[in-house]
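These are the residues of each chain, in order.
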Amino acid sequence: MAILDPSRRAFLAGLGASVVPGALAAQTAPSLVVFAAVSLKEGLDRAGFVYVAKTLQPVRFSYGASSALARQIEQGAPADIFISADVDWMDYLQKKNLIIAKTRRNLFSNHLALIAPTGSKLKLRIGKGMPLAKALGPGGRLAVAGPEVPAGRYARAALTKLGLWDQLEDHLAPAENVRAALAFVARGECPLGIVYDTDAAVEPKVRIVGLFPDRTHPRIVYPGAITASSHTLGAQRFLNNLKSPREADFFRKLGFTVL
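Here is a short report on the structure shown in this document. None of these values were measured; they are calculated from a predicted model.

Each helix and strand counted, the protein chain has eleven helices and eleven strands in total. Split into buried and exposed, the 259 residues of the protein chain put 53% on the buried side. Within the protein chain, contacts between residues separated by at least 24 positions form 81% of all contacts whose residues are at least 6 apart in sequence.

Before going further, it helps to spend a moment on the sheet that holds strand S9 (residues 206-211). Taken together, the five strands give an open sheet; going across it, the order is S7-S6-S8-S5-S9, and neighbouring strands pair in mixed fashion. The two strands at the open ends of the sheet, each matched to only one other strand, are strand S7 (172-175) and S9. Each adjacent strand pair in this sheet contributes to an overall mean axis angle of 35°, direction not counted. For strand S5 (residues 112-117) and S9, the ladder comprises five bridges, and the chain directions are antiparallel. Looking at the pairing, Ile-115 lines up with Ile-208 of S9. The strands touched by helix H6 (residues 150-161) within the sheet are S5, strand S6 (142-145) and strand S8 (192-196), with S8 carrying the most contacts at an inclination of about 115°.

This paragraph deals with the pattern of salt bridges. Any two side chains of opposite charge can pair, so long as their charged atoms come close to each other. For the coordinates displayed, the defined rule picks out eleven salt bridges. A salt bridge links Asp-45 to Lys-41; the nearest nitrogen and oxygen atoms lie 2.6 Å apart. One end of the pair, Asp-45, and the other, Lys-41, are both in helix H2 (residues 41-55), four residues apart, so they sit about a helical turn from each other. Since its relative accessible area comes to 17%, Asp-45 is described here as buried. Lys-96 is the partner of Glu-74 in a salt bridge, and the nearest nitrogen-oxygen pair spans 3.4 Å. Of this pair, Glu-74 sits in helix H3 (residues 66-74) while Lys-96 sits in the loop between helix H4 (87-95) and strand S4 (105-109); the two residues are 22 residues apart in sequence, bridging distant segments of the chain. Glu-74 sits in the partly exposed class, given a relative accessible area of 31%. Given a relative accessible area of 39%, Lys-96 falls into the partly exposed group. Look at the salt bridges and you will find they share partners, linking Glu-42, Arg-179 and Asp-199 into a network.

Right, let's get into the side chain of Thr-232. Along the chain, Thr-232 falls in the loop between strand S10 (221-226) and helix H10 (235-242). Apart from residues lying up to four places away in sequence, Thr-232 is in contact with Pro-30, Ser-31, Leu-32, Gln-57 and Asp-80.

We now examine the sheet that holds S10. Pairing in this open sheet of six strands is mixed, and the strands run S2-S1-S3-S10-S4-S11 from one edge to the other. Each of the sheet's edge strands pairs with one partner strand only, and the pair in question is strand S2 (59-64) and strand S11 (257-258). With three bridges connecting them, strand S1 (residues 32-37) and strand S3 (residues 81-83) associate as parallel partners. Its bridge partner being in S3, Phe-35 is matched across the sheet by Phe-82.

For the pair H2 and helix H11 (residues 245-254), the least separation of the axes is 10 Å and the interaxial angle reads 155°. Considered as vectors, H2 and H11 are oriented roughly antiparallel to each other. In the crossing of H2 with H11, the sense of the turn from one axis to the other is right-handed. Contact with H2, carried on its side by Glu-42, Gly-43, Leu-44, Arg-46, Ala-47 and Val-50, involves Arg-246, Glu-247, Phe-250, Phe-251 and Leu-254 of H11 and no other residues of that element.

What the rule picks out here adds up to eleven aromatic pairs. Ring centres of Phe-61 and Phe-238 lie 6.1 Å apart, and the angle between their planes is 55°; on these two criteria the pair is classed as tilted. Linking Phe-61 in strand S2 with Phe-238 in helix H10, this pair joins segments that are 177 residues apart in sequence. Just as Phe-61 is buried, Phe-238 falls in that class too. Here the aromatic rings of Phe-108 and Phe-251 are separated by 4.2 Å at their centres, their planes lie at 25°, and the arrangement is stacked. Of this pair, Phe-108 sits in strand S4 while Phe-251 sits in helix H11, and the two are 143 residues apart along the sequence. The burial state of Phe-108 is the same as that of Phe-251; both residues are buried. Among the aromatic side chains, those forming a connected cluster through ring pairs are Phe-108, Tyr-154, Tyr-196, Tyr-222, Phe-250, Phe-251 and Phe-256. When the ring centre of Phe-250 is taken as origin, the NZ or CZ atom of Arg-46, which lies over that ring, is 4.4 Å away.

Here is what the cut-offs are and how they apply
Residues numbered from 1 in each chain as written. Predicted model: local features only at pLDDT ≥ 70, side-chain atom pairs only at ≥ 80, totals over all residues. Heavy atoms only, no water. Helix = DSSP H or I, 4+ residues; strand = E, 2+ residues; numbered from the N terminus. Buried < 20%, exposed > 50% of the residue type's maximum accessible area, 1.4 Å probe, protein only. Contact = heavy atoms within 4.5 Å. Pairing = 2+ DSSP bridges. Axes fitted to C-alpha atoms, helices over the stretch in contact; angles between N-to-C directions. Salt bridge = Lys/Arg side-chain N within 4 Å of Asp/Glu carboxyl O. Parallel < 35°, antiparallel > 145°, perpendicular 65-115°, else oblique. Left-handed = near helix turned anticlockwise from the far one by under 90°. Phe/Tyr/Trp six-rings, centres within 6.5 Å; stacked < 30°, edge-to-face > 60°. Lys NZ or Arg CZ within 6 Å of the ring centre and 35° of its normal.

Right, dumping it as structure tokens:
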């Protein structure tokens, strides 16, 4: 996948007018509650809107870091579906019998990107020995998701593989989730950051400097599953719809790889 092109930006800009999922739904139907990685927000908001239009069942989304959402489910938060940004946090819940294993499926994949503010003229070729620490400048920090967050784990793995972790470990700006890391760069608080390619696509105040080779980090996989505590009809149908040709095409337009 290459640097974001103008046509893709224009496509994403049109998403802002979407109606909030559930707004058109009949209030007599029980709401379907989806806990999902925040990097999926644009795609799932649209998928929820389409689902509501078809079924008249309200859908409510709770977006955040997969680590935080998994722990909320562990503590009894009422979720029907969990969609993680990595397999580790889904495995965590499965080992505790908090998801229905037979409903688990891999949905999407993504790419890891180095980003800078739009006005930055920085050019870097991502690879071993790249002067990333020098590129941060005096006092500059690299925005990344926290160590428990999937995007943060992928970033650490990539930097370690490229032999850069030791020189950058003390120059990080850890964020609550990947969108918070994106915001650090968009606001100019950090000169560089590591997020998903699809995150950069929805923020006009950043640009992609380059993509980390997929071989530098574990494969980015978004698994989804129904929680063991769910008693709401429609959860399986919602998951199935995410694999439909129409929804798959939409997620591809956002930059995801559909698995």
